[in-house]
Amino acid sequence: MTRITFGMVNANVQTALQENTQRLNDTMTKLSTGKLITRPSDDPVGTSSALHLRTQLAKQSQYYRNIQDGQGWLSTTETAMSTGNDTLQRVRELAIQGSNDTYTATQRKYLGTEVMSLLEETVALANTTYKGEYIFSGTQTQTPPYSLEDGTGRVTSVADANGQSLTAAPATVQIYDLSRTDSSTATGNPQVDLVVPGTLTISGLTEGTDYTVDYRRGTVTFQTATATALAAGAGIDMSFERVRKSELDLNGDIQREVQQGTTAGVNVTSDVAFGSGDDTVFDSIIGLMQGLHTNSRTEVQASIEPVDESMEAFLRAQTFVGSRVNRLQFTSDQNRTDNVSLTEESSRIEDVDYAKVISDYQNISQIYQASIKVGSEIIKPTLADYL
Amino acid sequence: MSLSEALNIGTRGLVASQTALDIVGQNVTNANTEGYTRKRLNLQSMSRLDGKFGEMGFGVDMVDVQAIRDEMLGRQIQEVQSDIGGAEATDNVLGKIEDIVSEPSDTSLSSAMDDFWDSWQDLSNNPSDLTARQAVVDSSLTLVGRFNTLSNDLTTLRSDLNEVIASDAGEVNQLLSDIASLNKSICVAEAGNQNGMNANDSRDAREVKLKELSQYIDISYTEDAQGRYLVSSGGSLLVSPEGASSLVVDRTTVDLPNGTQYAQTSLRLSSTRKEFEVSGGAIRALMDARDDIVPRYQAAIDKVATNLVEAVNEAHFEGYDLNGRTGTYFFAPQTTGASDIALAAGIENSPALIAAGTGGVSVGPGSALLLAVPAAGATIDLTATNAAYRNLVEGSVVVTTVGPPAVTLAEGADKDYMVDSVNGEIIFNNYAQYAAGTAVTVDFRYNKVGSAGTGDGSNALRIGQLRQAALADGGSATIANSWAATVGGLGAERERATNSLETLKELGTSLDTQQQSLSGVSLDEELADMVKFQNSYQSSARFISTVSSLFDTLINMA
């Protein structure tokens, strides 16, 4: 039989009390922090999983932010495109009106004024911004893709740096904008196209008699000896307004990472939306304006087809944007679903189940109180009490 | 047998009972004294030969005062004690590392890394936005700060461990000299030991010191003929019959990888001047923690830092900043680990230098004025004018003589010149119609390599995507996963340490209980003994008074 001594009983009671206090404290920590894991050794595997899940959650919320940003771009693009469609629709109506036999030169001029404002509107649309970034400029988001600018040109009888001269009429001369330096040509003077009809003026010469202009290509054809004389003398000075496309590469893709390893393009370049080369929306509108300006019914009529083509291109681009919007919406929904399940998973590992822990707490607290009570009863009596 | 002999028997009984009561008193009052072993008075009946009856009782004799202890159990307790000391120290250090790492939490390294990657993604959404750039700088500074703090805290922990080792060595020295002096008093007290001459209380005290000593180092001991303990550890005799040797703390300055230094302690024996091999106990565990555990986690954190710096810098180096410049680092490239990770110079104050773009090609105009056209077959190298003048746009080269008249030369194999557009060279074929030495201007367009515009966030996205790239553990895990595994490993190691500590403690408690059961004072037992010896005292006294009345009777007869 084991001898039981006072010291043993005392040590046992103390150990038991200490253990119970420890458990009480652990439970209290869980309750007050709401976390099952407050340090890695609480649950090494759980800690590892919890860290994975936290990172996963952080990534998901980041993807969600990226998606929202992409949706912002795309919805701005969509709005701009649908406004553009309405504008082109109006351009088309005016073109049909202008190709009417009965219209007079004055009436066509009035129509031209309205088309001019539609042209300005279209340039403004091309320069739509989202959070201060030009959305049709590719990655050159600080540069407007198209702008309406004033320019000057000059023709003399001696070939200039661009190789332009007028020794005798009739002759067709390409206009260079001498007021600007640009990288599109070797000399740095940009070659002019898309001149706004009606804005080109030459002092001393009359449009129609002395010269004619191809506004889309930016060429002037001088017809009379007056022009030759002027070129040989003081030189022919031209001023005009034109639509200029930025010389920068506007075809950059803007990508957002929307899912792990998946990026989605969120921009539409100006080439896709407004056309490229000589087939831009602006070519179409200026073609119409030229017809209206020169009061040429055939030209006006001929301009309807390019306008139609531009509208088609616009619609295609709009569909393209629409499909991207749908795709992002789908990804966004998926992201939210994943987010919910990840949050649940993370919470299951890291968070306290209050009902369980509170009932644990009550249990432990009762054991604790019982151990104090019993301990105090056991420690007290000795034989001395009864001698 | 004479009456006076009977009186002697009674007296012996009185003295024995009184001594037994003294011992009861000693036991009861020392019931709570640490290491106290209960004492027992061993009694023997005295006898002598009587002619008639053979052996006749001659009263009671006190043989000795015996301390009730089990030597084997004592040794077991010492051994467990040194294991407990070691496990406790290991558990304690791992707990501190857990505190330092403080995962999982919202301020931990993994949270800081998450914020860091997120800020790059945000930047890729708004590459031209200086606020987004500043946010990258801010999150990076937080991350760098977190790394630095982790590294500093672990280094501080290492130097703290050195201090603890030094102060523990002081404790060991004190205990060794205590044991040596107790050895001396036991030796003196028990000198010429016939029987019953036990220095029980000094022995108890020595056991306590020995147990304390075992917590610090793993010891073994033997008892010599004079009752002295010869204590040795790690192959060295620490307490010899002559006295105790002591441990001397040496401090060696150790260079850390980041250029700072700290004083590493080692222990030397004063007697032999040789290094003291610590074989167990808390000091061994502290040294292991200092030389293995802490450096292991430090290395893991350093690895995370260098992996991150390498990957981010590699991508950043290939990107373009807002000014169209490339070939710069984001983190200081000389980073060796968590202690010295920092942002590259300039980035902190100029977020515009963050290379968020991948760069692209844009076409730009170029021109060169060449004063003297060389002879036929010779080459003009445009890159001599400007190193960027290469990759010329086909057909864009216009060569004009400086007039008047200004004549434009023709390009072609059978014409004036040919162009090597890739290298930016113009080869003159035939210029017979122009005098050698004629000045020409060359105008052209060339492909400029540079930024693809401020809206280009693709490099920031590339860096943001490094989060899920397998960059760590030899390309088998992401940085975050590798760190999570390290943290999980830390948790598991601590859990093991805590479990083994608890197991050892339970073993220790069980052994203590056994010792208590054998050597501890039971008050009930002592009180029962007290009553017993009280009665026996009273009985002896009664016996004496009875013998005395016999004397009276005898005297009154006369």
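Residues numbered from 1 in each chain as written. Chains lettered and ligands numbered in written order. Predicted model: local features only at pLDDT ≥ 70, side-chain atom pairs only at ≥ 80, totals over all residues. Heavy atoms only, no water.

A. Up close: the pattern of salt bridges. Evaluated as defined, the whole model comprises 47 salt bridges over all chains. When the shortest N-O distance is used, the salt bridge between arginine 54 of chain A and aspartate 106 of chain B registers 3.3 Å. Here the residue arginine 54 of chain A occupies a position in helix α2 (residues 44–98), and aspartate 106 of chain B occupies one in the loop between α2 (71–101) and α3 (109–125), the pair thus bridging two chains. Two residues, glutamate 345 of chain A and arginine 348 of chain A, come together in a salt bridge whose shortest N-O distance is 3.2 Å. In this pair, glutamate 345 of chain A and arginine 348 of chain A both sit in helix α7 (residues 297–350), three residues apart, roughly one turn of the helix. Look at arginine 348 of chain A and you get exposed, because its relative accessible area is 57%. (Salt bridge = Lys/Arg side-chain N within 4 Å of Asp/Glu carboxyl O. Helix = DSSP H or I, 4+ residues; strand = E, 2+ residues; numbered from the N terminus. Buried < 20%, exposed > 50% of the residue type's maximum accessible area, 1.4 Å probe, protein only.)

B. Structural detail: the packing of α3 of chain B against helix α6 (residues 281–318) of chain B. Residues and elements named next belong to chain B. For the pair α3 and α6, interaxial distance at closest approach is 13 Å and the crossing angle is 5°. In this view, α3 runs roughly parallel relative to α6, as classed from their interaxial angle. Together, Leu109, Met113, Phe116, Trp117 and Trp120 of α3 and Val304, Leu308, Val312 and His316 of α6 make up the contact between the two elements. (Axes fitted to C-alpha atoms, helices over the stretch in contact; angles between N-to-C directions. Parallel < 35°, antiparallel > 145°, perpendicular 65-115°, else oblique. Contact = heavy atoms within 4.5 Å.)

C. Region of interest: the pairing of strand β1 (residues 39–50) of chain B. Residues and elements named next belong to chain B. Here β1 pairs with strand β2 (residues 54–67) via 11 bridges, running antiparallel. For aspartate 50, the partnering residue across the bridge sits in β2 and is glycine 54. The turn joining β1 and β2, which pair antiparallel and follow one another in sequence, is formed by three residues. (Pairing = 2+ DSSP bridges.)

D. Molecular detail of unusual backbone geometry. Here alanine 169 of chain A and proline 170 of chain A are connected by a cis peptide whose omega angle stands at -5°. For proline 170 of chain A, the location among the structural elements is in the loop between β3 (146–155) and β4 (171–174). Each neighbour pair has its own omega, and for glutamate 103 of chain B with proline 104 of chain B the value is -15°, a cis peptide bond. On the secondary structure map, proline 104 of chain B appears in the loop between α2 and α3. With a phi angle near 50°, lysine 131 of chain A is a residue other than glycine that sits in the positive phi range. Along the chain, lysine 131 of chain A turns up in the loop between β1 (129–130) and β2 (133–134). Here lysine 131 of chain A falls in the exposed class, since its relative accessible area comes to 51%.

E. Structural context of the sheet that holds strand β10 (residues 379–381) of chain B. All names here are of chain B. Spatial ordering of the open sheet is given by β10-β13-β12, a layout of three strands whose pairing is antiparallel. The outermost strands of the open sheet, each flanked by one partner alone, are β10 and β12 (417–420). Averaged over all pairs of adjacent strands, the angle between strand axes in this sheet comes to 20°, irrespective of strand direction. With four bridges joining them, β12 and strand β13 (residues 425–428) adopt antiparallel strand pairing. Its bridge partner lying in β13, methionine 418 is registered against isoleucine 427.

F. Quick look at a negative patch on the surface. A cluster of acidic residues, Asp193, Asp278, Asp279, Glu305, Glu309 and Glu312 of chain A, forms a negative patch at the surface. Structurally, aspartate 278 of chain A can be placed in the loop between α5 (270–274) and α6 (281–293). (Patch = residues over 30% accessible without salt bridge, like charges linked within 9 Å, V, L, I, M, F, W, Y side chains within 5 Å. Areas by Shrake-Rupley, 256 points an atom, 1.4 Å probe, with all protein chains shown as cover. Lys, Arg positive; Asp, Glu negative; His and termini not counted. Charge placed at Lys NZ, Arg CZ, Asp CG, Glu CD.)

G. Focus on the side chain of aspartate 177 of chain A. Residue and element names in this part refer to chain A. Checked against the element boundaries, aspartate 177 lands in the loop between β4 and β5 (201–202). Here aspartate 177 falls in the buried class, since its relative accessible area comes to 0%. There is a polar contact of 2.6 Å between the side chain of aspartate 177 and the side chain of serine 179. Non-local contacts of aspartate 177, meaning those with residues more than four positions away in its chain, are made with Asp150, Gly151, Thr152, Asn189, Pro190, Val192, Phe240 and Arg242. (Polar contact = N/O pair within 3.5 Å; in protein donor to acceptor, adjacent residues only side chain to side chain.)

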